[in-house]
Amino acid sequence: MSISSSESAPSRNLKIGIVGFGPFAQFLSKTMIKQGHILTATSRSDYSELCAKLGISFFKDVIAFLEAENDVILICTSIISLQQVLNSMPLQHLKRPTLFADVLSVKEHPRTELLRVVPEDSDVLCTHPMYGEESGKDGWKGLNFMFERVRIRDEAICSSFLQIFGSEGCRMLEMSCEEHDKLAAKSQFLTHVIARTLVELDIQYTPIDTKRFESLVKLKEGNMNLSFDLFSGLFVKNRFAQQELQNIELAFNKVKQKLIEKMNEDQD
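What you see is a predicted model; the values in this text were computed from it and never measured. (Residues numbered from 1 in each chain as written. Predicted model: local features only at pLDDT ≥ 70, side-chain atom pairs only at ≥ 80, totals over all residues. Heavy atoms only, no water.)

Undergrad: Tell me about the side chain of Thr127, and please be specific about residues and values.
TA: Positionally, Thr127 belongs in strand β7 (residues 123-129). Within the structure, the side chain of Thr127 is placed 2.6 Å from the backbone oxygen of Asp102, a separation counted as a polar contact. For Thr127, the contacting residues outside a window of four places in its chain are Asp102, Val103, Leu104, Lys107, Phe145, Met146, Phe147 and Phe161. (Helix = DSSP H or I, 4+ residues; strand = E, 2+ residues; numbered from the N terminus. Polar contact = N/O pair within 3.5 Å; in protein donor to acceptor, adjacent residues only side chain to side chain. Contact = heavy atoms within 4.5 Å.)

Laid out in structure tokens, this is it:
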């Protein structure tokens, strides 16, 4: 893994085509437009009105979108729908070699799928901006941005794309998709499991809260706006998360057993 505060290579304005124009894509697009990049978008839902307000060309026809000669095609679908979306894209209509990048929260899965479908003459960059609309609302400075140059021949376009995030002050983390998923299972997925458990417990503020308990309520509340598709994708499409869920269950049972043993000692 290598770490840098920014990508220092000279950048240029890019034409970026976004696939899947949901809330996170909308969030990213505002900074890209501010930096002077030209955006196009396509999505299963009709975002033509919103895109018109933002100055983005929206394509209902995916063939016209692919023929628009984007420098970058940025995949912003859900984790669960990625394979279906990629399978539905007639990539033979690309006019020239293109950089395909994704921003999904798991990395081995999109890496595999992109290498499966993307034409051999096009490049592949896997990324994960490790923040969202809430944590990045006041800027991206100091926030983590992971990436792997999976198959890169056009360094100029790749560097210009990475500079979008580096120039905003992101902490740029270059690592393999496998390493990302190992670490994410023990951090992001673990956080989601705890938050979802707190949602099921329906914990609420009380008049005697400690600061630690208040932090748990905030964790629960922050998770309530996130889709179950995201949570399930973090599990289903990250092979390391499946082992981590077993580790969580084992750890809970160990804690429970220690409490029961202590209770039994006190009763003897």
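Undergrad: Mind laying out the packing of aromatic side chains, listing which residues take part and the relevant values?
TA: The geometry of an aromatic ring pair comes down to the distance between the two centres and the angle between the two planes. Summed over all chains, the structure comprises 13 aromatic pairs. Between Phe21 and Tyr47 the ring centres are 5.8 Å apart and the planes differ by 75 degrees, which places this aromatic pair in the edge-to-face class. Taken as a pair, Phe21 in the loop between β2 (15-19) and α1 (23-34) and Tyr47 in the loop between β3 (38-42) and α2 (48-54) lie far apart in primary sequence, 26 residues in all. Relative to Tyr131, the ring of Phe27 lies with its centre 6.4 Å away and its plane at 75 degrees, an arrangement referred to as edge-to-face. Of this pair, Phe27 sits in helix α1 while Tyr131 sits in the loop between β7 and β8 (144-151), and the two are 104 residues apart along the sequence. Its relative accessible area of 14% is what places Phe27 among the buried residues. (Phe/Tyr/Trp six-rings, centres within 6.5 Å; stacked < 30°, edge-to-face > 60°. Buried < 20%, exposed > 50% of the residue type's maximum accessible area, 1.4 Å probe, protein only.)

Undergrad: An account of the nonpolar core is needed here, citing residue identities and associated values.
TA: Core analysis: the biggest nonpolar cluster contains 34 residues, and Ile16, Ile18, Met32, Leu74, Leu125, Phe161 and Phe165 have the highest contact counts within it. Going through the elements one at a time, β2, α1, β3, β5 (72-75), β6 (99-102), β8 and α6 (155-166) are the ones with two or more residues in this core. The element best represented in this core is α6, accounting for 6 residues. Among the nonpolar cores identified, the runner-up in size contains 29 residues, and Leu91, Val106, Val118 and Ala185 belong to it. (Core = buried A, V, L, I, M, F, W, Y, C linked by side-chain atoms within 4.5 Å.)

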